[in-house]
Each structure stands twice: as C-alpha cells, then as structure tokens.
Amino acid sequence: MAMTRREFLMRTGAAGGYSAAFLMMQSMGLMPITASASSVVNAAPGSGKGLRVVILGAGIAGLVSAYELGKLGYECTILEARERPGGRNWTARNGTKIVLNGFDTQTCTFDEGNYQNLGPGRIPSIHGTMLHYCRELGIEMEVEVNTTRSSYLQDDKVNGGKPSMMPADTFLNCSLNASHRARSTKL
Ligand SMILES: Cc1cc2nc3c(=O)[nH]c(=O)nc-3n(C[C@H](O)[C@H](O)[C@H](O)COP(=O)(O)OP(=O)(O)OC[C@H]3O[C@@H](n4cnc5c(N)ncnc54)[C@H](O)[C@@H]3O)c2cc1C
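From a predicted model like this one, the values you see are computed outputs, not experimental measurements.

## Digging into the overall build of the protein chain
Reasoning step 1: Summing up its helical and strand segments, the protein chain has five helices and six strands in all.
Reasoning step 2: Helices (α) and strands (β) of the protein chain occur, in sequence order from the N terminus, as α-β-α-β-β-β-β-β-α-α-α.
Reasoning step 3: Counting across all 187 residues of the protein chain, residues that qualify as buried make up 20%.
Reasoning step 4: Within the protein chain, contacts between residues separated by at least 24 positions form 48% of all contacts whose residues are at least 6 apart in sequence.

In structure tokens:
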C-alpha cells in the first residue's frame with residue numbers, strides 16, 4: 001500500500017512520539033541536522049595545493065579522507081590491499097564472487113538489479129556525517145528491509161503458535177521494489 005510522506009510521519013509520531021518524528025524528519029532532510037564531522041574540517045581552501053598524501057585503505061574512512069583532502073587541494077593516493085574499494089562496505093550483485101578461506105567459493109546469481117549488502121546496510125538517523133555525504137553525493141535512500149527467509153514471527157495466539165514467515169510488504173505495509181522483494185524473499 002502506498003503511503004504519503006505526511007501519513008508516514010504521523011504514524012512515526014504515533015508510534016514513537018515527538019523524538020521519533022523529529023529524528024525521522026531530520027533524516028529525511030526536512031529539518032536541519034546540527035554539526036556533522038564533514039562540516040568541521042578547519043582548513044583554508046587550497047591549503048593542500050602542491051602537497052601529496054598517501055592513504056592506507058580504501059574503506060569509508062580512507063575514501064572520506066581522500067575526498068575531503070582533495071577538496072582542499074591535496075593530491076591523494078589511496079593504497080588498498082584488496083582488489084576492490086569499500087572495505088567492510090560490500091554489496092553483492094550478480095556475478096560477485098565470495099571467497100571464504102576454508103569454504104567453497106560462492107558466485108552470486110541474483111537477477112539483474114538485485115543486490116545484498118554483505119556488510120553495513122543501515123544508516124541510522126544519528127549518523128549525521130554519513131547522511132551529509134549521501135545528500136552531497138546524491139545517494140538515494142532506501143527502506144531497510146531486515147527480513148529474510150530465516151526471519152520468522154511467532155505469537156502464541158497466531159497460527160496455532162507456529163512460527164510463520166511474513167512477506168516483507170505485509171510486514172512493512174508499503175510497496176517494495178524488485179530489489180527489496182528479492183532481498184526479503186529469495187536470500
Ligand atoms: C557485517 C557488518 C555489518 C555492519 N553494519 C553496519 C551498519 O548497518 N551501519 C553502520 O554504520 N556500520 C555497520 N558496520 C560497521 C562498518 O562497516 C564499519 O564501521 C566501517 O565500514 C569501517 O570503515 P573503515 O574505513 O574504518 O574500515 P574498513 O571498512 O575495514 O576499511 C579498511 C580498509 O583498509 C584496507 N587495509 C587494511 N590494512 C591495509 C594495509 N596495510 N594496506 C592497504 N590496505 C589496507 C582493508 O583491505 C580495507 O579495505 C557493519 C560491519 C559489518 C562487518
């Protein structure tokens with residue numbers, strides 16, 4: 001079922017009160033968020049001109065460092081031990097190979113467009129710095145779907161007390177796109 005932004009905020013307020021509605025509005029960009037780490041870089045524009053920096057590791061910390069230093073004019077080189085950037089941030093898509101020492105190598109066979117975040121997948125509203133970068137870099141927010149084939153609901157009064165798997169769209173009471181559906185039902 002589609003839901004308007006207004007209805008969503010009203011339901012958030014009804015369930016979690018003023019604080020929940022306030023935080024939700026902040027994370028949706030409807031209210032200002034106070035200081036984020038990205039706003040306290042205290043250096044004059046161009047102060048890095050002509051200076052070179054080597055950064056170890058292309059996780060989020062290394063990437064943010066290079067991004068901010070680059071804005072100041074530093075010439076950054078990131079050295080990454082793995083064959084991909086992102087560090088613990090890693091999204092599996094069709095064809096991604098997952099190598100675990102001592103186990104078989106798995107190759108992801110998702111339909112095109114579907115994915116799973118194997119590392120972090122949640123940006124809570126208090127992560128002001130990350131939300132700042134998402135806005136600055138135009139990264140679209142998505143609903144976090146935290147249900148999988150392994151997630152069951154159990155209530156003594158429902159379904160004779162037997163655990164049951166809830167379809168994610170029923171659970172969330174909202175429409176999901178193909179990617180959400182895949183994450184919630186196929187994994
Ligand atoms: C399963 C999982 C779920 C998570 N869920 C969430 C979440 O929902 N929300 C959230 O906010 N956080 C979550 N986290 C935490 C989040 O992933 C980490 O806090 C964050 O990614 C750490 O970033 P980093 O750049 O500090 O380190 P890393 O991501 O570990 O990056 C370090 C990089 O440095 C490289 N490296 C290390 N040593 C060297 C070297 N000597 N030379 C060259 N390269 C080197 C590594 O290969 C790696 O790429 C989760 C973490 C995991 C594992």
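## Things to note about the pattern of salt bridges
Reasoning step 1: Counted according to the given criterion, the structure contains two salt bridges.
Reasoning step 2: A salt bridge links K71 to E68, with the shortest nitrogen-to-oxygen separation between them at 3.3 Å. Here E68 and K71 lie together in helix α2 (residues 60-71), a separation of three residues that amounts to about one turn.
Reasoning step 3: In this structure K71 comes out as partly exposed when scored by relative accessible area, which is 44%.

## Quick look at unusual backbone geometry
Reasoning step 1: Residues other than glycine seldom take positive phi values, yet N159 does so here, at roughly 55 degrees.
Reasoning step 2: Tracing the chain through its elements places N159 in the loop between α3 (128-136) and α4 (168-172).

## Some details on the site of the ligand
Reasoning step 1: Of all residues adjacent to the ligand, which total 19 residues, the nearest are I60, A61, E80, R88 and R122.
Reasoning step 2: A distance of 3.2 Å separates a nitrogen atom of the ligand from a polar atom in the backbone of A81.
Reasoning step 3: The contact in question runs from an oxygen atom of the ligand to an N or O atom on the backbone of G121, over 3.3 Å.

## With respect to α2
Reasoning step 1: Along its 12 residues, α2 runs 16 Å from first to last C-alpha, staying within 8% of the 16 Å computed at 1.5 Å per residue.
Reasoning step 2: Looking at α2, one finds that the buried residues are G62, A66 and E68.
Reasoning step 3: Looking one or two residues past α2, G73 carries a phi angle of roughly 105 degrees, positive in sign.

## Digging into the side chain of T12
Reasoning step 1: Relative to the helices and strands, T12 is located in helix α1 (residues 5-27).
Reasoning step 2: For T12, a relative accessible area of 13% corresponds to the buried category.
Reasoning step 3: Not counting the four nearest positions on each side in its chain, T12 is found in contact with G17, A20, A21 and M24.

## Re the pairing of strand β2 (residues 75-79)
Reasoning step 1: Examined bridge by bridge, strand β1 (residues 52-56) and β2 share five bridges and lie parallel to one another. The residue of β2 that forms the bridge with V53 is C76.
Reasoning step 2: You can see the chain leave β1, run along α2 and come back into β2, and the turn it takes is right-handed.

## A look at the packing of aromatic side chains
Pairs of aromatic rings are described using the distance from one ring centre to the other and the angle between the two planes.
Reasoning step 1: Considering all chains together, one arrives at two aromatic pairs under this definition.
Reasoning step 2: Centroid distance Y18 to F22: 5.6 Å. Interplanar angle 35 degrees. Geometry classified as tilted. With Y18 and F22 both in helix α1, this residue pair falls four residues apart, about one helical turn.
Reasoning step 3: Both rings, one in Y67 and one in Y133, keep their centres 5.8 Å apart while their planes meet at 75 degrees; by these two values the pair is edge-to-face.

Rules used in this analysis
Along each chain, numbering runs from 1 in the same order as the chain's sequence is written. Totals for whole chains, interfaces and linings use all residues, but because this is a predicted model, local features are given only for residues with pLDDT of at least 70 and pairs of side-chain atoms are given and counted only at 80 or more. To get the side-chain values, take all heavy atoms of the structure and skip hydrogens and water. A run of H or I in DSSP counts as a helix once it spans at least four residues, and a run of E counts as a strand once it spans at least two, with each numbered from the N terminus. Here's how the labels work: a residue is buried when its accessible area is under 20% of the maximum for its type, exposed when over 50%, partly exposed in between, all with a 1.4 Å probe on protein chains only. When checking whether two residues touch, look at their non-hydrogen atoms; a contact exists if any pair is within 4.5 Å. Think of a salt bridge as a Lys or Arg side-chain nitrogen and an Asp or Glu carboxyl oxygen that are within 4 Å of each other. Near residues are defined by distance, with any heavy atom within 4 Å of the molecule or strand qualifying the residue. The definition of a polar contact used here is a pair of N or O atoms within 3.5 Å, where within protein one atom must be able to donate a hydrogen and the other to accept one, and adjacent residues in sequence count solely through side-chain atom pairs. In a helix, the anticipated span is given by 1.5 Å times the number of residues less one. DSSP-based pairing: two strands are paired if at least 2 bridges between them are found. The definition of a right-handed crossover adopted here requires that, viewed with the strands pointing away, the path from the first strand over the helix to the second runs clockwise. Ring pairs shown here join Phe, Tyr and Trp side chains whose ring centres sit within 6.5 Å, with only the six-membered ring taken for Trp; geometry is labelled stacked below 30 degrees between planes, edge-to-face above 60, and tilted in between.

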